[in-house]
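# Chain and residue survey
Residues per chain, in single letters:
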Amino acid sequence: MSLREGAGDGGSAFDGAWFPRSHDLEAELPELIAELDRRGVRIERFTYSLDAWDRPTARKLVVRDRVVRTGGFRSMDPLVVCLTWDGGARRADLLVVPPETDVLTGARALRLCTRRGLPRSPQMVLAAARSTPLPQVPQAYRRAV
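Residues numbered from 1 in each chain as written. Predicted model: local features only at pLDDT ≥ 70, side-chain atom pairs only at ≥ 80, totals over all residues. Heavy atoms only, no water.

### Section: helix H2 (residues 103-112)
Buried residues of H2: Thr 105, Gly 106, Arg 108, Ala 109, Leu 110 and Leu 112, and no others. Near the N-terminus of H2, the side chain that reaches the backbone nitrogen of Leu 104, with its oxygen 3.3 Å away, is that of Asp 102. (Buried < 20%, exposed > 50% of the residue type's maximum accessible area, 1.4 Å probe, protein only. Helix = DSSP H or I, 4+ residues; strand = E, 2+ residues; numbered from the N terminus. Polar contact = N/O pair within 3.5 Å; in protein donor to acceptor, adjacent residues only side chain to side chain.)

### Let's talk about the pattern of salt bridges
Taken as a whole, this structure holds eight salt bridges when the rule is applied. Among the ionic pairs, Arg 21 bridges to Glu 31, the shortest N-O distance being 3.0 Å. Of this pair, Arg 21 sits in the loop between strand S2 (16-18) and helix H1 (25-38) while Glu 31 sits in helix H1, and the two are ten residues apart along the sequence. Looking at Glu 31, the relative accessible area reads 40%, which means it is partly exposed. Where Arg 55 meets Asp 24, a salt bridge forms, and the shortest distance between an N and an O atom there is 3.8 Å. Here Asp 24 lies in the loop between S2 and H1 and Arg 55 lies in the loop between strand S3 (45-49) and strand S4 (60-63), a separation of 31 residues in the sequence. In this structure, a network of salt bridges that share partners links the residues Glu 35, Arg 38 and Arg 39. (Salt bridge = Lys/Arg side-chain N within 4 Å of Asp/Glu carboxyl O.)

Written out as structure tokens, the structure is:
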């Protein structure tokens, strides 16, 4: 999971990204909420696309002795989840990197989503993550074969 500085201020198309291990939201969501708590973001509401996950999760989820409300909607983009906190005053959209994505592309997407000025299309961000060239090893460090 990645989260850009100033997440929830409305200054970017995405405030970060989430790379879950599976399409089982009930198993993945508590870990995401706990990680956000560790970063000082106490999520109150989590919304998601019903079409992106194996099955919907409970409408109220208890994580770390507090309740997080959830809502699934068919109208949401399957590659985006929405987090709300501070009494609804702060809202962040996270790009969801599909679990079947290769690790390198997933890591690139997590890093890309911490930047401002991204396109609003999750598909375009994932395409950019797939097309990022690999870092080149300087000639001096290459082994002679």
